[in-house]
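# A closer look at the structure
Given next are the chains, with one letter for each unit.
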Amino acid sequence: MFIRLLILICLTGFQLSFSQVVVSIPEFPTETDSIKIIFNAQEGANVPGLRGYTGTVYTHTGVITSTSSGQWAHVIGSWGNNTTQPALTRIGTDLYELVIGRPRQYYSVTNPGEKILSLAFVFRSANASQQTEDIFYDLYEPGITVI
């Protein structure tokens, strides 16, 4: 009985963790972690255009830093350019993965005094006719953090 309850709690927690538009591995990433982003096109009011989409999903992505005054910085590529913007890997129905690795290297943040506060994304279809709104994913301070 106890084992069944434990399994049910674990499965519920797993589903809740993926019932967001974006989740990361690790769950509470820092700017020094190797990060993987999972985009779930089934979730969120701002993604209905990508639900059921089967083509390649690209992302317009950058970061919010301690020196960017809340504006996108270190943006990869240019809007709508499929040759310079990252393509996501489809890992399931309406689930896509983006391997960022270490964000300082991925986004070319070379100033050691510039801290990455959030990752910024717009996920879009190959022709950019279907897209999300801006999605921001906070990074955490390295070390022990109370959430």
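Presented here is a report on the structure given in the accompanying data block. (Residues numbered from 1 in each chain as written. Predicted model: local features only at pLDDT ≥ 70, side-chain atom pairs only at ≥ 80, totals over all residues. Heavy atoms only, no water.)

### Considering the sheet that holds strand β6 (residues 116-125)
- Judged by pairing direction, the sheet is antiparallel, and its 3 strands sit side by side in the order β3-β6-β7 without closing on themselves. Because the sheet does not close on itself, it has two edges, and the strands there are β3 (57-65) and β7 (135-138). Shown here is a sheet whose adjacent strand axes are inclined to one another by a mean of 25°, direction ignored. (Pairing = 2+ DSSP bridges. Helix = DSSP H or I, 4+ residues; strand = E, 2+ residues; numbered from the N terminus. Axes fitted to C-alpha atoms, helices over the stretch in contact; angles between N-to-C directions.)

### Observations regarding the nonpolar core
- Ranked by size, the top nonpolar core spans 24 residues in total, and within it F39, L119, F121 and F123 carry the most contacts.
- The set of elements that each furnish at least two residues to this core consists of β2 (35-40), β3, β5 (95-101), β6 and β7.
- Here this core gets 4 residues from one element, more than from any other, and that element is β6.
- Setting aside anything within four residues of it in sequence, one finds L119 in contact with I37, G62, V63, I100, P103, Y107, I135, F136, Y137 and L139. (Core = buried A, V, L, I, M, F, W, Y, C linked by side-chain atoms within 4.5 Å. Buried < 20%, exposed > 50% of the residue type's maximum accessible area, 1.4 Å probe, protein only. Contact = heavy atoms within 4.5 Å.)

By themselves, these figures tell us nothing about what the structure is for.
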